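The lines below spell out each chain.
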Amino acid sequence: MSKLTLVSHHLCPYVQRAAIALLEKGVPFERINIDLANKPDWFLKISPLGKVPLLRIEEEDGSEAVLFESSVICEYLEETQPGVALHPKDALTRARHRGWMEFGSSVLSDLWGYETAEDAAQLEAKRTALISKFATVENILTDGPYFGGNDFSLVDAVFAPVFRYFDLFETLGDSDIFEGLERVTRWRKALSERASVKAAVGEDYPQRLMEFLEKHNSILLRLPAAA
């Protein structure tokens, strides 16, 4: 079998997608975390975009390949690795899932603006955008527990890191982002209880996320404390 190494960062939600997929597949892999503020030379040589995740694939004959972009890595794992299927068999449903994976990336874009906002106006703009996007998801979810019903999929692997942010954010202040979104709330809870989702980050994730907010002077740290 190929030796797989996931080049990572402690907080990166895109890395978490790949880690969740690997864990769901039950595939052995090594994980190496790097400092994105001080990228090592070996990393810059093999990462065309200078971003994580990367998946290094070392074959038995000594050859090596490197994949970049989380969606590409997840698709490769789905196509080549044994274990449970993370994409639906039906072509149309599979295509729809890929679309919602991209939608999850757009949520992360708004989430970046939300967590790095330094003033109330910017925070409210991103809060409104997030509410709108989660409301869109609410309208297409079924009874769950996962995105496609009973089977965990790559869409779930995309959204689980999104929801993880709010476990900390909601201790800082009540954003009401999930107010009235019953299906999304149930989905969020089901994902938080999944073993692969829990194992996709280290125990120090909350501390590291707090340090990130402090570094970016996030207004989230200056909100009235949650009751």
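So, how was this worked out
- Residues numbered from 1 in each chain as written.
- Predicted model: local features only at pLDDT ≥ 70, side-chain atom pairs only at ≥ 80, totals over all residues.
- Heavy atoms only, no water.
- Phe/Tyr/Trp six-rings, centres within 6.5 Å; stacked < 30°, edge-to-face > 60°.
- Helix = DSSP H or I, 4+ residues; strand = E, 2+ residues; numbered from the N terminus.
- Lys NZ or Arg CZ within 6 Å of the ring centre and 35° of its normal.
- 1 Å grid on protein atoms, 1.4 Å probe; cavity = no way out; pocket = protein on both sides within 12 Å on 5 of 7 lines; lining within 4 Å.
- Points joined across faces, edges and corners; volume = space filled by probe spheres on them.
- Nonpolar A, V, L, I, M, F, W, Y, C, P; charged D, E, K, R; others polar.
- Contact = heavy atoms within 4.5 Å.
- Polar contact = N/O pair within 3.5 Å; in protein donor to acceptor, adjacent residues only side chain to side chain.

### Notes on the packing of aromatic side chains
Phase 1 of the analysis: Under the defined criterion, the tally for this structure stands at 18 aromatic pairs.
Phase 2 of the analysis: Look at Phe134 and Phe178: their rings are 4.9 Å apart centre to centre, the planes differ by 50°, and that puts the pair in the tilted class. Of the two residues, Phe134 is situated in helix H5 (residues 120–140) and Phe178 in the loop between helix H6 (154–172) and helix H7 (182–192); the sequence distance between them amounts to 44 residues.
Phase 3 of the analysis: Taken together, Trp100, Phe103, Tyr114, Phe134, Phe147, Phe159, Phe163, Tyr165, Phe166, Phe169, Phe178 and Trp187 form an aromatic cluster joined through their ring pairs.
Phase 4 of the analysis: Above the face of the Tyr205 ring, Arg164 is positioned so that its terminal group lies 5.7 Å from the ring centre.

### Here's the deal with the layout of surface pockets
Phase 1 of the analysis: As a volume, the largest pocket reaches approximately 890 Å³.
Phase 2 of the analysis: Surrounding the largest pocket, 34 residues form its lining, His9, Cys12, Leu36, Trp112 and Phe212 being those nearest its centre.
Phase 3 of the analysis: Elements with a contribution of two residues or more to the lining of the largest pocket: helix H1 (13–25), helix H4 (91–115) and helix H9 (205–215).
Phase 4 of the analysis: Partitioned by chemical class, the residues of the lining of the largest pocket number 19 nonpolar, seven polar and eight charged.
Phase 5 of the analysis: Looking at the second largest pocket, it is lined by 14 residues, and the ones nearest its centre are Arg164, Asp167, Val201, Tyr205 and Pro206.

### Thoughts on the environment of Arg222
Phase 1 of the analysis: Here Arg222 is to be found in the segment after H9.
Phase 2 of the analysis: Arg222 has contacts with Glu118 and Asn217, leaving out every residue within four places of it along the chain.
Phase 3 of the analysis: Here Glu118 takes part through its backbone oxygen, which lies 2.8 Å from a polar atom of the side chain of Arg222.

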